[in-house]
Amino acid sequence: QDQLVESGGGSVQAGGSLRLSCAASGFTFSNYDVYWVRQAPGKGLERVSRIYSGGWATYYADSVKGRFTISRDNAKNTVYLQMNSLKPEDTAMYYCAAGLTGSWYGPLSPADFRYWGQGTQVTVSS
């Protein structure tokens, strides 16, 4: 079964840290760029970060740049998102995804990705 499974979410106070994990199974994970996308209550999907298949390049949204770090371990079929200096505005459901068929810089939808996880909730209190 092809799937992505996120873990590591939780509730923290502002300034705290969390590390999200995205574990893949059922497909050749190392062939794919992997993305983190989030959705805050009442808002649309927001791009957060991207890591290329070989791990040699990354992308960060301006809102998280300098605070979040994406990495991958292809031997473990896992991508990580280290989130430091968390802010209340980081509160959202975080999804990992792979196999993007549309534009990373256009409006995002789960339908744009071949693989989409179930999400993990991050809540940051002030």
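In what follows, the accompanying structure is described.

The rules behind the values
- Residues numbered from 1 in each chain as written.
- Predicted model: local features only at pLDDT ≥ 70, side-chain atom pairs only at ≥ 80, totals over all residues.
- Heavy atoms only, no water.
- Core = buried A, V, L, I, M, F, W, Y, C linked by side-chain atoms within 4.5 Å.
- Buried < 20%, exposed > 50% of the residue type's maximum accessible area, 1.4 Å probe, protein only.
- Helix = DSSP H or I, 4+ residues; strand = E, 2+ residues; numbered from the N terminus.
- Pairing = 2+ DSSP bridges.
- Disulfide = S-S within 2.5 Å.
- Polar contact = N/O pair within 3.5 Å; in protein donor to acceptor, adjacent residues only side chain to side chain.
- Contact = heavy atoms within 4.5 Å.
- Phe/Tyr/Trp six-rings, centres within 6.5 Å; stacked < 30°, edge-to-face > 60°.
- Lys NZ or Arg CZ within 6 Å of the ring centre and 35° of its normal.

Moving on: the nonpolar core. Counting 36 residues, the largest nonpolar core has Leu4, Trp36, Phe68, Val79, Leu81, Met83 and Tyr94 as the members making the most contacts within it. The element contributing the most residues to this core is strand S9 (residues 92–100), with 5 residues.

Right, let's get into the pairing of strand S5 (residues 45–51). Counting buried positions over the 7 residues of S5 gives 5, a clear majority of the element. Where strand S4 (residues 34–39) and S5 come together, 6 bridges link them in antiparallel fashion. Its bridge partner lying in S5, tyrosine 35 is registered against arginine 50. Linking S5 back to strand S6 (residues 58–60) in an antiparallel pair, the connection comprises 6 residues, with glycine 55 at a positive phi of about 75°.

Take unusual backbone geometry next. A negative phi angle is the norm for most residues apart from glycine, just as the trans form is the norm for most peptide bonds. Of note, asparagine 77 is a non-glycine position whose phi angle comes to about 55°, a positive value. The residue serine 85 is not glycine, and still its phi comes out positive at about 50°. Along the chain, serine 85 falls in the loop between strand S8 (78–83) and S9.

Attention now goes to the state of the cysteines. The tally for this structure, following the rule as stated, stands at 1 disulfide. Note that cysteine 22 is cross-linked by a disulfide to cysteine 96, the S-S spacing being 2.0 Å. Its torsion about the S-S bond being 65°, the disulfide of cysteine 22 and cysteine 96 is classed as right-handed. Here cysteine 22, found in strand S3 (residues 18–25), pairs with cysteine 96, found in strand S9; they are 74 residues apart in sequence, far enough to count as distant.

Turning our eyes to something else, we now look at the side chain of arginine 50. Take arginine 50: it is sitting in strand S5. There is a polar contact of 2.9 Å between the side chain of arginine 50 and the side chain of aspartate 33. The residues touching arginine 50, leaving out its near neighbours within four places in the chain, are Asp33, Val34, Tyr35, Ala57, Thr58, Tyr59, Ile70 and Trp104.

Relative to the helices and strands, glutamine 118 resides in the loop between strand S10 (113–116) and strand S11 (120–125). Judged by relative accessible area, glutamine 118 falls into the partly exposed class, the value being 45%. Considered as a pair, glutamine 118 and glycine 102 are 16 residues apart in the sequence and their alpha carbons are 20 Å apart.

Applying the stated criterion across every chain, the model contains 11 aromatic pairs. Geometrically, the ring pair formed by tyrosine 59 and tryptophan 104 is edge-to-face, given 5.6 Å between the ring centres and 85° between the ring planes. Taken as a pair, tyrosine 59 in strand S6 and tryptophan 104 in the loop between S9 and S10 lie far apart in primary sequence, 45 residues in all. Grouping residues by exposure puts tyrosine 59 and tryptophan 104 together as buried. Each ring, one from phenylalanine 113 and one from tryptophan 116, has its centre 5.4 Å from the other, and the planes form 40°; the classification is tilted. Take phenylalanine 113: its relative accessible area is 6%, and that puts it in the buried class. Among the aromatic residues, those joined into a cluster by ring pairs are Tyr35, Tyr59, Tyr95, Trp104, Tyr105, Phe113 and Trp116. The ring of tryptophan 104 carries arginine 47 above its face, with NZ or CZ at 5.5 Å from the centroid. The ring of phenylalanine 29 has arginine 72 lying over it, and the distance from NZ or CZ to the ring centre is 4.6 Å.

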